[in-house]
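Fold and geometry: a report
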Amino acid sequence: MDKIRETGKVTVATEASYPPFEFMQDGKIVGYGKDLLTEVIAALSKKVGKEVTLEQLDLPFQGILPGLTAGQFDFAATSVGINAERAKRYAYTRPMAISVQTVMIRAADVNVLKTPQDLNGKALGTQMASASEPIARGFDAKMKAEGKSGFSELKLMTSYPETYVALANGSIDAVLQSGPALAVLVKARPGVFHLMGPLTDQKSYLAWVTRPADDDLRQFISAVFSDLNKSGKMGELQEKWFGFKMETPDQGYLPEGAL
């Protein structure tokens, strides 16, 4: 916060290939996360007493958290799933969305792939280094422990849109990703994709991330999110981008041992 106050500038990293959270439209980053970022920057400007200039970098997700640690930007303004491993290394803000790991299949396969158990022997795709990857690996291990063969392949790709293409062309049989994002995609592509449902009953949250040393910045962003939630503005933005509201907590969202 001292640096922002002194320079009047904030540099953030975003993966702009995760609609409707963050994505490119007409050469600009837009989405739910972008609207939240606009609110945060406005609040920062008010806090420091002068207009804060935003520099938003569009980076592959795999480089965002390492880049944050290396000090290449001030915080990650992108949707990062809260899990125990990351929470020991990075400082999560208050959540701004719910993440239920959900399976999407081709609409043509609805009578063949009805439940997660039907994914045994099938190829599953998800994003490399995402919150979905360990969930997929865990389910694969569970199937094998039950004496099944598990996934024929767990295909890890650089971005989620790549998994949609692979699913559509038959390279994989299913995609695992956060449910809210998939729900919007299925609605936009009727007759192409279908939501099977959650892979497990485990519910988690999506948040932004700062360095642990920058707890003042983390607390500030969390306070802005909390205010937006209480005022109803966060719900309005969720309705705008997802078509429904999500209940996100002010506390109790971090796993044991989190920073």
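Above this text is the structure in question.
Here we summarise the structure given alongside this text. Residue positions are counted from 1 within each chain, in the order its sequence is given. Totals for whole chains, interfaces and linings use all residues, but because this is a predicted model, local features are given only for residues with pLDDT of at least 70 and pairs of side-chain atoms are given and counted only at 80 or more. Only hydrogens and water are removed before side-chain values are computed, so all heavy atoms of the structure are retained for them.

Here we look at the nonpolar core
We count it as follows: Put simply, buried Ala, Val, Leu, Ile, Met, Phe, Trp, Tyr and Cys residues joined by side-chain atoms within 4.5 Å make one nonpolar core. Burial here depends on accessible area, computed with a 1.4 Å probe over protein chains only, as a share of the maximum for the residue type. Under 20% is buried, over 50% is exposed, and the range in between is partly exposed. Helical segments are the DSSP runs of H or I of at least four residues, strand segments are the runs of E of at least two, and each set is numbered from the N terminus. Whether two residues are in contact is decided by their heavy atoms: any pair within 4.5 Å suffices.
Counting 64 residues, the largest nonpolar core has Y32 and W208 as its most contacted members. No other element matches the 7 residues that helix α2 (residues 32-48) contributes to this core. When near neighbours in sequence (up to four residues on either side) are disregarded, Y32 contacts P20, F21, M96, A97, M234, L237, Q238, W241 and F242. Core analysis: the second largest hydrophobic core is formed by 14 residues, I135, F139, M196 and L199 among them.

Looking at the layout of surface pockets
Empty space among the atoms becomes visible once a probe the size of a water molecule is rolled across them. This is how the line gets drawn: Definitions used throughout: a 1 Å grid over protein atoms alone; a cavity as a set of points that fits a 1.4 Å probe which cannot get out; a pocket as an open set with protein on both sides within 12 Å along at least five of seven lines; a lining residue as one with an atom within 4 Å of a point. Grid points are joined across faces, edges and corners, and a volume is the space filled by probe spheres set on the points. By the convention adopted, Pro, Cys, Tyr, Trp, Phe, Met, Ile, Leu, Val and Ala count as nonpolar, Lys, Arg, Asp and Glu as charged, and the other residues, Gly among them, as polar.
A volume near 260 Å³ is recorded for the largest pocket. Among the secondary structure elements, those contributing two or more residues to the lining of the largest pocket are α5 (132-145) and β12 (193-210). When residues of the lining of the largest pocket are assigned to their parent elements, the largest contribution, 5 residues, is made by β12. A breakdown of the residues in the lining of the largest pocket according to their chemical character gives 8 nonpolar, 5 polar and 1 charged.

Details of the side chain of S159
Mapping S159 onto the fold places it in the loop between β10 (153-157) and α6 (160-168). Under the relative-accessibility criterion, S159 is labelled buried at 12%. When sequence neighbours within four positions are dropped, the list of residues in contact with S159 reads E15, S17 and Q127.

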